[in-house]
Protein chains: 2
Amino acid sequence: MTRWLDDDEQRAWRGYLHMQARLTARLNRQLQDDSGLSLADFAVLVELSEVAGGRTRVLALAEKLEWEKSRLSHQLNRMRARGLIDRQECPNDRRGAFVALTPQGRTTIEAAAPRHVETVREYLFDRLTPELVAALTDITDRVAARLAEDED
Amino acid sequence: MTRWLDDDEQRAWRGYLHMQARLTARLNRQLQDDSGLSLADFAVLVELSEVAGGRTRVLALAEKLEWEKSRLSHQLNRMRARGLIDRQECPNDRRGAFVALTPQGRTTIEAAAPRHVETVREYLFDRLTPELVAALTDITDRVAARLAEDED
DNA sequence: TCAACATAGATGACGCGTCAACTATTCCGG
DNA sequence: CCGGAATAGTTGACGCGTCATCTATGTTGA
């Protein structure tokens, strides 16, 4: 009784899987080559650079990124080892900690961002019509809505 | 001189990143819970189950999957340890090897496939109109074409 | 024939992501 | 005020993916 995918759905699904894998790999490599960052590093640095003082609580950061706290913890360890961020004690709540951008972290993200955006544009948006951009938004919104239903 | 993303592009891009991360995680978890497989396992088993005799040369498999051979090699090691596949010597070319589905591998993929497809349908295709499915195909084709230009 | 090169594939190190378990602190009801 | 639950965050193990390197075999051309 399985409802298999029809031909159009097959093409869409295989196309999606293929694009997803290649695009992610491409963006990762571009960031790595140009700035020594991974996509994960980039995501963390972007969030940090957008908060006042480049400094937040770890859990607040995890929520913004929608990452599990353990994932973030591992990531922050690696980034701290490379001098991109710093940890600071939290006096109010001594269980917690602040994460802060280091000057090097800020320099790095400011240098990396323009080239990363340019790459996203080159591979994705430069190839899409405004209608397709709207369709992409629609698709992702619908799927996100379905995914959100699980989180109850 | 950076051409930043405009609002519509921002929404599309953030939506894509969000959907991509969540959908992949969801599908991985479903497969893992229902069948003890990862998406990577599943991809390998699907290809193997589609070739005659459930048996191919490693490099041919890598090409079908569009995976690097080292990635595949690691993957096959893990799968062999779990009894899903088997390695066989290649008499013609003694550098090479065949990979073969084990009976257990075949049973596993045949049990896993229907539920996996059902999940893909539930999260993706059940939420999309035929127009959006067509748009998704269009988008992925365009991006794939750009990505393919690099491989010269 | 034999040295150079190409090909098939394996391996080790390291970053990434998940899960389960753990520590340390804070909160809250009796 | 105290004991149990909740919260903040860490840790270790393990699968996944990439890169660089290595081994063994096959191919080719002087």
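In what follows, the structure referred to is the one given above.
Small disclaimer: the values here were computed from a predicted structure and weren't measured. (Residues numbered from 1 in each chain as written. Chains lettered and ligands numbered in written order. Predicted model: local features only at pLDDT ≥ 70, side-chain atom pairs only at ≥ 80, totals over all residues. Heavy atoms only, no water.)

Caption draft 1: Region of the structure containing the protein's contact with DNA strand C. Residues in contact with DNA strand C amount to 26 residues; listed here are only the nearest, Ser38(A), Arg78(A), Leu59(B), Lys69(B) and Arg87(B). Put simply, 62% of the atoms of DNA strand C that lie within 4 Å of the protein are in sugar or phosphate. Between a phosphate oxygen of DNA strand C and a main-chain N or O atom of Arg94(A), the distance comes to 2.9 Å. Within the backbone of Ala97(B), a nitrogen or oxygen atom sits 2.9 Å from a phosphate oxygen of DNA strand C. Put simply, the parts of the chain that give the surface near DNA strand C at least two residues each are helix H2 (39-50) and helix H4 (69-81) of chain A together with helix H3 (58-65) and helix H4 (69-81) of chain B. Counted by class, the surface near DNA strand C contains 4 nonpolar, 10 polar and 12 charged residues. (Near = heavy atom within 4 Å. Polar contact = N/O pair within 3.5 Å; in protein donor to acceptor, adjacent residues only side chain to side chain. Helix = DSSP H or I, 4+ residues; strand = E, 2+ residues; numbered from the N terminus. Nonpolar A, V, L, I, M, F, W, Y, C, P; charged D, E, K, R; others polar.)

Caption draft 2: View of the sheet that holds strand S2 (residues 85-89) of chain A. Residue and element names in this part refer to chain A. Read across the open sheet, the 3 strands follow the order S1-S3-S2; overall the sheet is antiparallel. Looking at the sheet topology across the chains shown, the edges are occupied by strand S1 (55-57) and S2. With direction set aside, neighbouring strand axes in the sheet form an average angle of 30°. Against the sheet, H2 engages S1, S2 and strand S3 (97-101), with an angle of about 95° to S3. H4 rests against S2 and S3 of the sheet, and its axis sits at about 115° to S2. (Pairing = 2+ DSSP bridges. Axes fitted to C-alpha atoms, helices over the stretch in contact; angles between N-to-C directions. Contact = heavy atoms within 4.5 Å.)

Caption draft 3: Local environment of the relation of the copies chain B and chain A. After a rotation of 180° and a shift along the axis of 0.0 Å, chain B superposes on chain A with an RMSD of 0.0 Å. The relationship between the two copies is best expressed as a two-fold rotation axis. Among all C-alpha atoms of chain B, that of Ala135(B) lies closest to the rotation axis, at 3.3 Å. The fraction of interface residues of chain B whose copies in chain A are also interface residues reaches 98%, indicating that both copies meet through the same surface. (Least-squares fit on C-alpha atoms with pLDDT ≥ 70 in both.)

Caption draft 4: Fine view of the sheet that holds strand S2 (residues 85-89) of chain B. Residues and elements named next belong to chain B. One open sheet accounts for 3 strands, arranged S1-S3-S2; its pairing is antiparallel. Edge positions in the open sheet fall to strand S1 (55-57) and S2, since each of these has one partner strand only. If you compare each strand with its neighbour and ignore which way they point, the axes differ by 30° on average. Sheet contacts for H3: S1, S2 and strand S3 (97-101); angle to S1, the most-contacted strand, approximately 90°. The strands touched by H4 within the sheet are S2 and S3, with S2 carrying the most contacts at an inclination of about 115°.

Caption draft 5: Structural context of unusual backbone geometry. Residue and element names in this part refer to chain A. We note that glutamate 66 has phi near 55°; this positive angle belongs to a residue other than glycine. In this structure, glutamate 66 sits in the loop between helix H3 (58-65) and H4. A relative accessible area of 39% means that glutamate 66 is categorised as partly exposed. (Buried < 20%, exposed > 50% of the residue type's maximum accessible area, 1.4 Å probe, protein only.)

Caption draft 6: Region of the structure containing the protein's contact with DNA strand D. Close to DNA strand D lie 26 residues, the nearest being Leu59(A), Lys69(A), Arg87(A), Ser38(B) and Arg78(B). Atoms of DNA strand D within 4 Å of the protein belong to the sugar or the phosphate in 60% of instances, the rest to bases. Backbone polar atom of Leu59(A) to a phosphate oxygen of DNA strand D: 2.7 Å apart, as the coordinates give it. Listed by contribution, the elements that provide at least two residues to the surface near DNA strand D are H3 and H4 of chain A together with helix H2 (39-50) and H4 of chain B.

Caption draft 7: Region of interest: the packing of aromatic side chains. All names here are of chain A. According to the stated counting rule, one finds 2 aromatic pairs over all chains in the structure shown. With a centroid separation of 5.5 Å and an interplanar angle of 25°, the aromatic rings of tryptophan 13 and tyrosine 16 are classed as stacked. One end of the pair is tryptophan 13 and the other is tyrosine 16, both in helix H1 (residues 7-35) and 3 residues apart, which spans about a single turn. With relative accessibility at 10%, the residue tryptophan 13 sits in the buried group. (Phe/Tyr/Trp six-rings, centres within 6.5 Å; stacked < 30°, edge-to-face > 60°.)

Caption draft 8: Representation of the side chain of Gln75(B). As for its position among the elements, Gln75(B) is in helix H4. If near-sequence neighbours (up to four positions away) are discounted, Gln75(B) is found in contact with Ser38(B), Ala40(B), Asp41(B), Val44(B) and Trp67(B).

Caption draft 9: Summary view of the environment of Arg22(B). With respect to the helices and strands, the residue Arg22(B) is situated in helix H1 (residues 7-35). Residues Arg22(B) and Val120(B) lie 98 residues apart in sequence; the distance between their C-alpha atoms is 13 Å. Not counting the four nearest positions on each side in its chain, Arg22(B) is found in contact with Glu66(A), Leu147(A) and Glu151(A).

Any functional reading would require information that these geometric values do not contain.
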